[in-house]
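Coordinate inspection notes
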Amino acid sequence: MRQTWTLSGAYANWKLTVAIEPGEYALGVPEWPGEKLAPVVGHFFEAVNHYELGRDAEQLHRLS
């Protein structure tokens with residue numbers, strides 16, 4: 001399974017790609033359910049928002 005999420009921000013274009021590949025001995029193991037990645041994706045979006053807001057705050061601080 002391979003999924004990619006992208007965000008366009010003010011300071012960067014952000015991209016998260018997660019690839020889950022079966023191991024050598026994973027015969028007959030079902031594919032990883034995508035909904036289990038929701039916390040990881042949520043953290044990615046939150047981290048990007050915090051970084052972008054931090055950059056905004058730095059810019060305002062420099063201007064004052």
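Described below are features of the structure shown in this document.

Each value, and the rule that gives it
- Residues numbered from 1 in each chain as written.
- Predicted model: local features only at pLDDT ≥ 70, side-chain atom pairs only at ≥ 80, totals over all residues.
- Heavy atoms only, no water.
- Phe/Tyr/Trp six-rings, centres within 6.5 Å; stacked < 30°, edge-to-face > 60°.
- Helix = DSSP H or I, 4+ residues; strand = E, 2+ residues; numbered from the N terminus.
- Buried < 20%, exposed > 50% of the residue type's maximum accessible area, 1.4 Å probe, protein only.
- Lys NZ or Arg CZ within 6 Å of the ring centre and 35° of its normal.
- Core = buried A, V, L, I, M, F, W, Y, C linked by side-chain atoms within 4.5 Å.
- Pairing = 2+ DSSP bridges.
- Lys, Arg positive; Asp, Glu negative; His and termini not counted.
- Salt bridge = Lys/Arg side-chain N within 4 Å of Asp/Glu carboxyl O.
- Polar contact = N/O pair within 3.5 Å; in protein donor to acceptor, adjacent residues only side chain to side chain.
- Contact = heavy atoms within 4.5 Å.

What about the packing of aromatic side chains?
Under the criterion given, the structure shown has two aromatic pairs. Both rings, one in Trp 14 and one in Tyr 51, keep their centres 5.5 Å apart while their planes meet at 70°; by these two values the pair is edge-to-face. Of the two residues, Trp 14 sits in strand β2 (residues 13-19) while Tyr 51 sits in helix α1 (residues 38-63), which places them 37 residues apart along the sequence. What makes Trp 14 partly exposed here is its relative accessible area of 21%. With a centroid separation of 5.7 Å and 90° between ring planes, the pair formed by Phe 44 and Phe 45 is classed as edge-to-face. Above the face of the Tyr 11 ring, Arg 55 is positioned so that its terminal group lies 4.7 Å from the ring centre.

Some details on the nonpolar core
By size, the foremost hydrophobic cluster in this structure holds eight residues: Trp 5, Leu 7, Leu 16, Val 18, Leu 37, Val 41, Phe 44 and Val 48. Per-element tally for this core: the top contributor is α1, with three residues.

So, the environment of Asp 56
Tracing the chain through its elements places Asp 56 in helix α1. Residues Asp 56 and Ala 10, 46 residues apart in the sequence, show an inter-C-alpha distance of 9.1 Å.

Focus: the environment of Arg 62
The topology assignment puts Arg 62 in helix α1. For Arg 62 and Phe 45, which are 17 residues apart along the polypeptide, the C-alpha to C-alpha distance reads 26 Å.

Focus: the pairing of strand β1 (residues 2-8)
Here seven bridges tie β1 to β2, and the two strands are oriented antiparallel to one another. In the sheet register, Ser 8 faces β2, and the bridge partner there is Asn 13. With antiparallel pairing between neighbouring strands as the criterion, β1 and β2 make up a hairpin whose turn holds four residues.

Here's the deal with the side chain of Glu 52
Counting through the fold element by element, Glu 52 comes out in helix α1. Although buried, Glu 52 forms no salt bridge, and the nearest oppositely charged side chain, Arg 55, lies 7.7 Å from it. Polar side-chain contacts of Glu 52 include one of 2.8 Å to the side chain of Trp 14. Sequence-distant contacts of Glu 52, that is, excluding residues within four places in its chain, are made with Gly 9, Ala 10, Tyr 11, Ala 12 and Trp 14.

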